Every structure is written in C-alpha cells, then in structure tokens.
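Coordinates in review
Residue-level listing of the chains:
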Amino acid sequence: VFDQWTTDIIRQTVRQRYDMVPYIYTMARKAYEEGLAICRPLYYEWPECQEAYDFKNEYMFGDDILIAPITKPAVDNFTEVDVWLPEGDWYEMHTGTILQGGQTYKRYFALEEYGVYVKAGAALPFYGDEVDNLSSNSEDIYVTVFPGGESSFTMYEDAGNDKDYAESYATTQISSRWNGNIQTVTIAPRKGSYKNMPAERKFRIKVLASEAPARVSVNGEDVAFKYLGEDLAFIIDIPVTDCAAEKNIVITYIDNQTA
C-alpha cells in the first residue's frame, strides 16, 4: 500500500532497530535486574526539572538515548517539533548536530528523520553491515563513538535461546577517554561465559562527527582507518579478535580536538 519512497524509509527504520540490538539487549538485561524499563519518562532521571513532566511525549530509551516522538502531520514534507533536552550536550542522530541541553529547541524533521538524541561522548555497541536476522550472537560489533565528553558502557550478551541467562552471560566494558588531542577507546577483556560463546568477535570503531585523525594505533601497533567524507566519520578495523584480549585504541588528532 506504500510507494517505493515510503517503503524504503520503513525498511531503513527496521534495519536501524536491528543495528541497535546490542544496545537494546544490554538495556533489556538492566530491566531484568533492576526493574527499570527500557522506555522510561524523563522525570526518572531529572525529577527536579519541570520540563521533564511537561514534555510528556519524550522518553529515555535506555541510559544514553532520548527520543522525541513526532506525533503531528507534516507541512510541506516537514514536521515542526518542540524538543526539550536535559542538561549536558546531545547529539542529534539524523543531522549530526550537537545541541546544548537545559533548553528547548524547535526542530524540523522530514519523514525519513526522527528525534533521536544521544548523550555526548557515548560509546555504544551497534551492529553493522545490514544484519538480516538475530539467530547469531557473533556478529561484528561497531563501537559507535559520539562526539563530546567521556563515557563507559558495559555490553551484555548471552546465548539468546535458553533460560540460563540468569547465571550464564558475559559482559564487555567499553570506554572512551580524552587527553588533549588524544582519544583512547578501550574494549576490556570479556567477563563471564555462556553456552556456545564465541571465542572471537570482530570489532570496529566508528567515530562520528570527527576530522580525520593523524594516527591510529591498536595495542601499540599502527593501523589504517577509513574516512567517510560524506558522514564526517571514520572507521577503524581492529585486528585483535580474541574476546579475552584487551583492545586499546589510541586516536591522535592533528589539532587540539578535545572533549
């Protein structure tokens, strides 16, 4: 019932959900352990802010992503949305814009865009390469590093097809830190175990809204990177695939690009 343009947008939206599964699955584990829903009102985290109650449509999607739903018709193919962002900087997913929190913005979205905001500096695990199904848990992980600040995230995984998850699971800590013009992304050794857990996994680092670095090293060895000029981002293939080994990625920039 949809034309091709609309169908492509729907397909891309479904693919985006698949890409975000490592993050979503981690937040599902948090919901299991803490009783804190993946989708939660803003006043859970900012109870002292009146806007957290007034902007009833907005909600947190896990710990690091804020959603501002679009619930009114478009005019000339764009919809105007009033978005309140809490204190701190936020990365607008579809435009690559950094917005300062603690204020309200008027934002305009086309049909293929949406109000998705990520905490600045977050380093989140996503899938890439167009995952078509979730039957495997050994897919490549793109550690997506958002601009600004520092962060730490603990990725969760389990067998995904049994009821042993209460005790049989594994976690991998991911962190991003700055020191002057040097950014360090660390993927810690995996902890825990579960049935048929893969010993190896391919990791890639995708740094968003960034200039091209002068040098990139993994565990002290220089490696190449691919710069995506249209996206103002670059991707680093990490040669170390052993999940039990630490991966220390040091990114050096020419200018003093700091958090």
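Notes on the structure follow. (Residues numbered from 1 in each chain as written. Predicted model: local features only at pLDDT ≥ 70, side-chain atom pairs only at ≥ 80, totals over all residues. Heavy atoms only, no water.)

A few points about the overall build of the protein chain
Going by this rule: Numbered from the N terminus, helices here are DSSP runs of H or I no shorter than four residues, and strands are runs of E no shorter than two. Exposure classes here rest on a 1.4 Å probe applied to the protein chains alone. A residue is buried below 20% of its type maximum, exposed above 50%, and partly exposed in between. Residue contacts are counted whenever heavy atoms from the two residues lie within 4.5 Å of one another. For the accessible areas, the method is Shrake-Rupley and the probe is 1.4 Å, while residue cover comes only from the protein chains on display. Neither His nor the chain termini are counted; the positive set is Lys and Arg, and the negative set is Asp and Glu. Note on charges: their place is set at NZ of Lys, CZ of Arg, CG of Asp or CD of Glu.
Helix and strand counts for the protein chain come out as 3 helices and 20 strands. Within the protein chain, the fraction of its 259 residues that count as buried is 41%. In the protein chain, the share of contacts with a sequence separation of at least 24, taken over all contacts with a separation of at least 6, comes to 59%. A total accessible area of about 13,600 Å² is found for the protein chain, and carbon and sulfur atoms account for 48% of it. Both charge centroids of the protein chain, one from 23 positive and one from 41 negative side chains, sit 4 Å from each other.

As for the pairing of strand E8 (residues 115-119)
The test is simple: Here, a strand pair is defined by DSSP locating no fewer than two bridges between the strands.
Of all the 5 residues making up E8, 4 are buried; the element is thus mostly covered by neighbouring parts of the structure. Strand direction decides the pairing type here: strand E3 (residues 65-68) and E8, joined by 4 bridges, are antiparallel. Residue pairing in the sheet places Ile-65 in a bridge with Val-118 of E8. Bridge count between strand E5 (residues 89-92) and E8: 3 bridges; the pairing is antiparallel. Each residue of the ladder has a partner; that of Trp-90, found in E8, is Lys-119.

Let's talk about the sheet that holds E5
Applied cut-off: Angular values range over 0 to 180 degrees, each being the angle between N-to-C directions of two axes fitted as lines to C-alpha atoms, with helices fitted over their stretch in contact.
Overall, antiparallel pairing links the 6 strands, which are arranged E1-E2-E3-E8-E5-E6 in an open sheet. Each edge of the open sheet carries a strand with a single partner, namely strand E1 (39-41) and strand E6 (97-100). Within the sheet, the average angular offset between the axes of one strand and its neighbour, ignoring direction, is 35°.

Some thoughts on the pattern of salt bridges
Convention followed: When a carboxyl oxygen of Asp or Glu lies within 4 Å of a side-chain nitrogen of Lys or Arg, that pair is called a salt bridge.
Evaluation of the coordinates by the stated rule reveals 12 salt bridges. Across the pair Asp-8 and Arg-11 runs a salt bridge whose closest N-O atoms are separated by 3.0 Å. Remark: Arg-11 and Asp-8 occur in helix H1 (residues 4-19); sequence separation between them is 3 residues, near one turn of the helix. For Arg-11, a relative accessible area of 42% translates into the label partly exposed. Residue Arg-204 pairs with Asp-140 through a salt bridge whose shortest N-O separation is 2.7 Å. Of this pair, Arg-204 sits in strand E15 (residues 203-207) while Asp-140 sits in the loop between strand E9 (123-127) and strand E10 (141-145), placing them 64 residues apart in sequence. Taken together, the salt bridges that share partners define one network made up of Lys-30, Arg-40 and Asp-63.

Function cannot be read off these values alone, since they describe shape.
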